Amino acid sequence: GALLIQTLDNGMVLLDVSGSMGYGSGALTKLAYAKYLAASLTYFSHRQRDRVGFASFDDDIIEYVPPSAKHLQQVLYGIDRAVPLGKGALARPMAKIAESQRRRGFMLVLSDLYEDPDRVIAALGPLRDARHDVVVMQLLDPMELSFDFPDAATFEDAESGLRLPVVPSRVRTDYQRQVAEHVATMQRRLGDHRIDYMFVDTSQPLDALLFSYLMRREQLRTVK
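Residues numbered from 1 in each chain as written. Predicted model: local features only at pLDDT ≥ 70, side-chain atom pairs only at ≥ 80, totals over all residues. Heavy atoms only, no water.

**Overview of the overall build of the chain**
Part 1 of the reasoning: For the chain, the helix and strand inventory stands at 7 helices and 8 strands.
Part 2 of the reasoning: For the chain, the proportion of its 224 residues judged to be buried stands at 44%.
Part 3 of the reasoning: Taking the intrachain contacts of the chain between residues at least 6 apart in sequence as the baseline, contacts between residues at least 24 apart amount to 76%.
Part 4 of the reasoning: Roughly 11300 Å² of accessible area belongs to the chain as shown, and the carbon and sulfur atoms make up 53% of that amount. (Helix = DSSP H or I, 4+ residues; strand = E, 2+ residues; numbered from the N terminus. Buried < 20%, exposed > 50% of the residue type's maximum accessible area, 1.4 Å probe, protein only. Contact = heavy atoms within 4.5 Å. Areas by Shrake-Rupley, 256 points an atom, 1.4 Å probe, with all protein chains shown as cover.)

**Considering the pattern of salt bridges**
Part 1 of the reasoning: Counted by the stated rule, this structure contains 10 salt bridges.
Part 2 of the reasoning: K30 is paired through a salt bridge with E144; the nearest N and O atoms lie 2.8 Å apart. Placement of the pair is K30 in helix α1 (residues 30–47) and E144 in helix α5 (residues 142–146), with a sequence separation of 114 residues.
Part 3 of the reasoning: Here R102 and E99 are joined by a salt bridge, their closest N and O atoms 2.5 Å apart. (Salt bridge = Lys/Arg side-chain N within 4 Å of Asp/Glu carboxyl O.)

**Details of unusual backbone geometry**
Part 1 of the reasoning: Although it is not a glycine, R131 sits at a positive phi angle of roughly 65 degrees.
Part 2 of the reasoning: With respect to the helices and strands, the residue R131 is situated in the loop between α4 (117–129) and β5 (133–140).
Part 3 of the reasoning: We note that R194 has phi near 60 degrees; this positive angle belongs to a residue other than glycine.
Part 4 of the reasoning: As for its placement among the helices and strands, R194 is situated in the loop between α6 (168–192) and β8 (196–201).

**Examining the pairing of strand β2 (residues 51–57)**
Part 1 of the reasoning: Extensive coverage of β2 is indicated by the burial of 6 of its 7 residues.
Part 2 of the reasoning: Note that strand β1 (residues 10–16) and β2 share 7 bridges and pair parallel. Opposite L15, over in β2, you have S56 as the bridge partner.
Part 3 of the reasoning: Regarding the hand of the β-α-β motif, the stretch spanning β1, α1 and β2 is right-handed. (Pairing = 2+ DSSP bridges. Right-handed = clockwise from strand over helix to strand, strands pointing away.)

**Focus: helix α3 (residues 91–100)**
Part 1 of the reasoning: Of all the positions in α3, only P93, M94, I97 and A98 are classed as buried. Looking straight down α3, one finds that the buried residues subtend no more than 135 degrees of arc, so they occupy a single side.
Part 2 of the reasoning: Turning to α3, the residues buried within the fold contact β1, β2, β3 (61–68), β4 (106–111) and α4. (Arc of directions from axis to C-beta.)

**Topic: the nonpolar core**
Across soluble globular proteins, you tend to see nonpolar side chains buried next to one another.
Part 1 of the reasoning: Counting 28 residues, the largest nonpolar core has L15, L37, L41, L108, L110, M137 and Y213 as the members making the most contacts within it.
Part 2 of the reasoning: Going through the elements one at a time, β1, α1, β2, α2 (72–81), β4, β5, β8 and α7 (206–223) are the ones with two or more residues in this core.
Part 3 of the reasoning: Excluding residues within four positions of it along the chain, L108 makes contact with M12, V13, L14, L41, V135 and M137.
Part 4 of the reasoning: Residues F57, I97, A98 and M186 belong to the second largest nonpolar core, which totals 25 residues. (Core = buried A, V, L, I, M, F, W, Y, C linked by side-chain atoms within 4.5 Å.)

**Quick look at the side chain of Q138**
Part 1 of the reasoning: Counting through the fold element by element, Q138 comes out in strand β5.
Part 2 of the reasoning: Residue Q138 is classed as buried on the basis of its relative accessible area of 0%.
Part 3 of the reasoning: Engagement of the side chain of Q138 in a polar contact is seen with the backbone oxygen of D112, the distance being 3.2 Å.
Part 4 of the reasoning: With residues up to four places along the chain from it excluded, the contact list for Q138 reads S111, D112, L113, H182, V183, M186, Y197, M198, F199 and V200. (Polar contact = N/O pair within 3.5 Å; in protein donor to acceptor, adjacent residues only side chain to side chain.)

**Concerning the sheet that holds β8**
Part 1 of the reasoning: One open sheet holds the 6 strands; their spatial order is β3-β2-β1-β4-β5-β8, and the pairing between them is mixed. Edge positions in the open sheet fall to β3 and β8, since each of these has one partner strand only. Strand-to-strand twist across the sheet, computed as the mean angle between neighbouring axes with direction ignored, equals 15 degrees.
Part 2 of the reasoning: By the bridge criterion, 5 bridges tie β1 to β4 in an arrangement that is parallel. Paired with V13 across the two strands is L108, which belongs to β4.
Part 3 of the reasoning: Along the sheet face, α4 touches β1, β4 and β5 and points at about 150 degrees away from the line of β5. (Axes fitted to C-alpha atoms, helices over the stretch in contact; angles between N-to-C directions.)

**Considerations on the packing of α3 against α4**
Part 1 of the reasoning: With their axes 8 Å apart at the nearest point, α3 and α4 run at an angle of 5 degrees to one another. Judged by the inter-axis angle, α3 sits roughly parallel to α4. Within the contact between the two elements, α3 uses A91, M94, I97 and A98 and α4 uses A123, L124, P126 and L127.
Part 2 of the reasoning: Looking at the contact of α3 with α4 residue by residue, the class counts come to 8 nonpolar, no polar and no charged. (Parallel < 35°, antiparallel > 145°, perpendicular 65-115°, else oblique. Nonpolar A, V, L, I, M, F, W, Y, C, P; charged D, E, K, R; others polar.)

Spelled out as structure tokens, the structure:
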């Protein structure tokens, strides 16, 4: 039998299009990888006859398609049009989605979570308070995990435009520790708030990630 996404009939994909999502050290940026994920999971949900919707956001909603059984094409067009923009912040867009979605449903958030964990938890609170089934996928590029750059370089903040000279070998160990702590904190804190968390390394083959995700959701559905 086919693996199912347990979506409660009403689902939305919430796609972070802030500037940092435009980074990619390989063939795909984080946003490009997230767009493939979003399109695939939207299609799977539609095949189950679920109502599917979509929103892209930076520090506000950029594009919004309400959940409907008839909105697959509009959702796919919206995903395709998404481009990395400015500064990202979850609070305002998540509050607007929670306000607009009164019917209990499934919310998939695709983001690199470039925010303090306390802010992320606070931002997602309205979705959980509305009893939505919330899944967060945190996407990071392998170079963001390893900081394995050549010795001297100038790095530009994707959202502020600030440029800083950095010697990667001097900061690599501290950087790797901070990233590992951030990911571990996100996983623990989101789990404490009954939000399903999944870490995504964008060098991972997409089909393997999709299979892992669908298996995970099937197991959670069985447990529930």
